[in-house]
Amino acid sequence: MNLSEHADHTEKVVGIRAEDIHKWIDGFFDLEGFDSFLRRGKVGGFNPYGHRQYRHCIEALDDALKEFEGKYTPEQIRLVFETHLKDDYDGYLPVQKDFEDGNFKEKYHENDDVPLADRILNKAELDEYFKGKFYTAKRKRRESSFNFKFWLGISLPTIAAVILFVSSIFVFIVPQFKENLLDQKRLMIRELTATASSAIQHYVEKAAMNEMSLAEAQSQAAFAIKALRYGEEGKDYFWITDERPRMVMHPYRSDLKGVDLTSYQDPKNGSNTNPFVESVRLVEQSNEGYLEYFWQWKDDPDRLTPKLSYVRGIPEWDWIIGTGVYIDDVDLEIENLTRKILFTFAYITLGLIALLLYILRQSLRIERNRLQAESGLIEAKERYRTLVEASSEGYVLELEGEHVYSNLAFQRLLGYSEDESLSREIWSSVIPDLAINQDARSRLKDVFLGKTVRGEFEAHARKRNGESIELLMRVSRIFFSEKNGHVISLRPITRNATAMPSMLMNNANPLSNQSAVDFLQAIRISESEGHIIRLLNALPAYVDRQIRQGDSTTRIRDMIAQAYNETVKRYIELALHESESPPVPFGFLSLGSAARREMTLFSDQDNALVFADDAAGELEQNRKYFLNLANRICSKLDQSGFPFCQGGIMAANPKWCLSLSEWKKNVSEKFENATVESLLEVNIFLDFNQIYGEQSLSESLRNYMFQQSKSLNVFLKNYALSYSRCKVPLNAFGNLKTKQKDGVEYLDLKDCITPIVVFARIYALKHQVEVPSTLDRLESLQKIGVIDRNSCQEISDIFSFFWQLRFNNQLRDHNELQRIDDTLNVKDLSDSQRRTCRKMLSSLAVYQARVSYDFLGVDPQLID
């Protein structure tokens, strides 16, 4: 529905049009709205960067209430908002998670031009489809046949339309064209006659004033009119008669002078028409008028042609003056026009015949394809059913709180029959009421209450025979035949706490045997985004092979970073190739671990975009272009295995897509107003590197940041104070300080790495070291004498040790289908590894203390 239709409906339902609310719902949301989303809408896996999609969910109601507070009542805003969404989504109120679902997007956003009946199954089909009972007949091939009605149905309307069109030309257009030509001639002779009449009137006035005799005045007036000529050849003339009628003057028929014309006959029409008697009648009625008759062609008495004349009376002398034009040229023009129309009609007829033959041929092909597609759909449904049955994962389809289908793997895994598996009651037995199962039971409860549930979770399940089994369960939201539901899949979990990472992909993958140079070159020359995604699917296998071959962590990090950078570059190149040129130069920046070249295979994306200032003042128009570009790039990165940043630190966020002057203003404000609590956002931006675009933009921004020396000192003190409060994970006795979750002790490896990253960053900022990588910063600080060689080597070793420990732990979690994060079960550490961790963290505490001394001048133990 368009905005006007939405407003019409809400006016009928709510009593107000509220077009501004409808426009807000369908428009881009601004910076404040995005911040509001980040505060309330951080949902794993949800893509918040399809801007319109965000406002098309019930979570955006709070923003609408805030936006239009005071203009409408809260109840009016709620009703308008919900009515708009229900109009767009068939009475359903979407939530944010719905836009992650492929079925939902296909139904409401990707197939708007496909009839609803062609996109969904009917109720009978839905009830029988999953049990394989709907299509029982064998596939039949049928030849399409076209009967006489089919031919008429296509050809008759087209032929009738052409005939009506041509007929309308001859009935309306051609006569109107002829009348227009005649009107032009009528106007011309009327104006000419008026001019000649004025000349005679001059002599009438002279005679009336006795300046000359009547006879002399009439003689001179007739002589003056006789000499008048006009037309292309100068042969068109005027004549004068009196009201008997009797010819007073005719320049080409002197034989008629003084002759009584009462009995004059039209040479063509005989006694039926006397133009001179008709002239007298017109003058007696209205002193003027038009008449048509036949007359000799100008000065050629042997040629008679139709003529249109205009006459006007001179009442003082009882004269009638007239002139006329020949109208045979009008008939010639009409004849030419008719001839052209007939030729055109002939061509149209030939084209129509060819077009009809083509349409009939295409219709035959379409009908055959439809029959083949119908047979293929029947076969495809059976194939999909076979695939689901053959899957090693168990599947249950739930629609509106009821089990509709369960596959054989589900029944075998848990030991239930098909009829038993279709009962909701089995879940109370399958997922017993244990503390570790509270999350799983809560999610399943929400599923059957019709709430939106997605994601992976673990459960300690019990089979029908009482045997325990650990399951990894996944719930996906679906929209099936106008019904809301979920697919619940489950697979058994196998754990190996001490196993090192194994191959993540089959060695048969051709990319696993390529060099790093070949792998990156393949990304650079990819012709499609889909090809890049397939290449990156092989990246874990390649990295795993390099680990097995003993590559250093530095080379592994560089490989991942280069793959990410080349992917971003190629995505931008492909996007720009398919769109309009950028309105101004721009630069795409990587932030955080991506800029520092410290990503793992499972790092999310942090990026930003800077574009040049526009002298024309098209700031918002330019931002809209780059937001669209960034939205495409970030979405493709997410599909490539670099997930969306749940903190919203991406170029697709209006907050991170700014002009150069806006970035500089932002930097100044962040430095000048920095507090310990607001450093998180600044923290990520201090590490940036330009991947693509105009390099001078990022250089200008970096130089500007270093130039803020006055506010920089205050910022560094706040930064150091924040850093000193982040203790390394060691307790008072020098042992590892762990956290607990679900009865498991774990070490947060990010707490071990972050102090090193911040140590290098704060000194690099103070000494204006431009490189973003942590190890490169340490090396640069050693070269300028900020730290000595031994300290540089020690800190670098600590960083590499914990980065590799984190990387290996993530790979192991991935292999075992566990949630990937930075937590490490301390039981997975050997005694030697624990000792190494304690030793390195103790050393790291020393360097953390140095920051407190250098920037705060106090002992870190005295800081709260």
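Above: the structure in question.
Note that the coordinates shown come from a computational prediction; the quantities given were computed from them, not determined experimentally.

Draft legend 1. A look at the pattern of salt bridges. Taken as a whole and judged by the stated rule, the model has 41 salt bridges. A salt bridge links Glu 566 to Arg 524, with the shortest nitrogen-to-oxygen separation between them at 3.2 Å. A residue pair is termed long-range when its members are at least 10 positions apart, and Glu 566 in helix H21 (residues 553–577) and Arg 524 in helix H18 (residues 516–524) qualify at 42 residues. By relative accessible area, which is 34% here, Arg 524 ends up partly exposed. Between Lys 636 and Glu 529 there is a salt bridge, and its shortest N-O distance comes to 3.6 Å. Taken together, the positions of Lys 636 in helix H23 (residues 619–639) and Glu 529 in helix H19 (residues 529–537) put the pair 107 residues apart, joining distant regions of the chain. The pair formed by Lys 636 and Glu 529 is uniform in burial state, with each residue classed as buried. Put simply, Arg 596, Glu 598, Asp 687, Arg 761 and Arg 777 are held in one network by salt bridges that share partners.

Draft legend 2. Spotlight on the sheet that holds strand S3 (residues 288–297). In spatial order, the strands read S2-S1-S5-S4-S3; together these five strands make up an open sheet with antiparallel pairing. Each having just a single partner strand, strand S2 (247–249) and S3 make up the two edges of the open sheet. Ignoring which end each strand starts from, the neighbouring axes of this sheet average 35 degrees apart. Relative to strand S5 (residues 319–326), strand S1 (residues 238–242) is paired through five bridges, and the arrangement is antiparallel. Bridge pairing in S5 places Phe 238 opposite Thr 323. Contacts from helix H11 (residues 214–226) reach S1, S2 and S5 within the one sheet, and its direction differs from that of S5 by about 5 degrees.

Draft legend 3. Summary view of helix H6 (residues 74–88). The first and last C-alpha atoms of H6 sit 21 Å apart over 15 residues, in line with the 21 Å expected at 1.5 Å per residue. Immediately beyond the C-terminal end of H6, within one or two residues, lies Asp 90, with a positive phi of roughly 55 degrees.

Draft legend 4. Focus on the environment of Leu 304. Assignment of secondary structure puts Leu 304 in strand S4 (residues 300–314). Remark: the alpha-carbon pair of Leu 304 and Tyr 293, spanning 11 residues in sequence, is separated by 9.9 Å.

Draft legend 5. Representation of the packing of H18 against H21. Taken N-terminus to C-terminus, the directions of H18 and H21 make an angle of 15 degrees; their axes are 9 Å apart at the nearest point. When the axes of H18 and H21 are compared, the pair comes out roughly parallel. Both H18 and H21 take part in a crossing whose hand is right-handed. Touching Ala 516, Phe 519, Leu 520, Ile 523 and Arg 524 of H18 are Met 559, Gln 562, Ala 563, Glu 566, Thr 567 and Arg 570, all from H21. Considering only residue class, the contact of H18 with H21 consists of six nonpolar, two polar and three charged.

Draft legend 6. Structural view of unusual backbone geometry. Across the junction of Arg 244 and Pro 245, the peptide omega takes the value 15 degrees, indicating a cis bond. Mapped onto the secondary structure, Pro 245 falls in the loop between S1 and S2. Although it is not a glycine, Asn 210 adopts a positive phi angle of roughly 60 degrees. Note that Asn 210 resides in the loop between helix H10 (148–208) and H11. A positive phi angle is found at Gln 768, which is not glycine, with a value near 55 degrees. Here Gln 768 lies in the loop between helix H28 (749–766) and helix H29 (774–783).

Draft legend 7. A look at the packing of H29 against helix H30 (residues 789–815). Viewed as axis vectors pointing N to C, H29 and H30 meet at an angle of 175 degrees, and their least axial separation amounts to 9 Å. Relative to H30, the element H29 is oriented roughly antiparallel. Across the interface between the two elements, Thr 774, Leu 775, Leu 778, Glu 779 and Gln 782 from H29 touch Arg 789, Cys 792, Ile 795, Ser 796, Phe 799 and Ser 800 from H30. Class assignment for the residues of the contact of H29 with H30 results in five nonpolar, four polar and two charged.

Draft legend 8. Just the sheet that holds strand S13 (residues 657–659), in detail. Read from one edge to the other, the open sheet built from four strands follows the order S13-S12-S11-S14, with strand pairing classed as mixed. Of all the strands in the sheet, just S13 and strand S14 (688–693) have a single pairing partner and so form its edges. Each adjacent strand pair in this sheet contributes to an overall mean axis angle of 30 degrees, direction not counted. Summarising the sheet, strand S11 (residues 586–591) and S14 pair through five bridges and their orientation is antiparallel. Note that in S14 the partner of Leu 591 across the bridge is Phe 688. Contacting strand S12 (607–611) and S13, helix H24 (residues 660–672) crosses the sheet at an angle of about 100 degrees to S13. Sheet strands touched by helix H26 (residues 695–707): S11, S12 and S14. Its angle to S14, the strand with the most contacts, is close to 160 degrees.

Basis of the calculations
- Residues numbered from 1 in each chain as written.
- Predicted model: local features only at pLDDT ≥ 70, side-chain atom pairs only at ≥ 80, totals over all residues.
- Heavy atoms only, no water.
- Salt bridge = Lys/Arg side-chain N within 4 Å of Asp/Glu carboxyl O.
- Helix = DSSP H or I, 4+ residues; strand = E, 2+ residues; numbered from the N terminus.
- Buried < 20%, exposed > 50% of the residue type's maximum accessible area, 1.4 Å probe, protein only.
- Pairing = 2+ DSSP bridges.
- Axes fitted to C-alpha atoms, helices over the stretch in contact; angles between N-to-C directions.
- Contact = heavy atoms within 4.5 Å.
- Expected span 1.5 Å × (residues − 1).
- Parallel < 35°, antiparallel > 145°, perpendicular 65-115°, else oblique.
- Left-handed = near helix turned anticlockwise from the far one by under 90°.
- Nonpolar A, V, L, I, M, F, W, Y, C, P; charged D, E, K, R; others polar.

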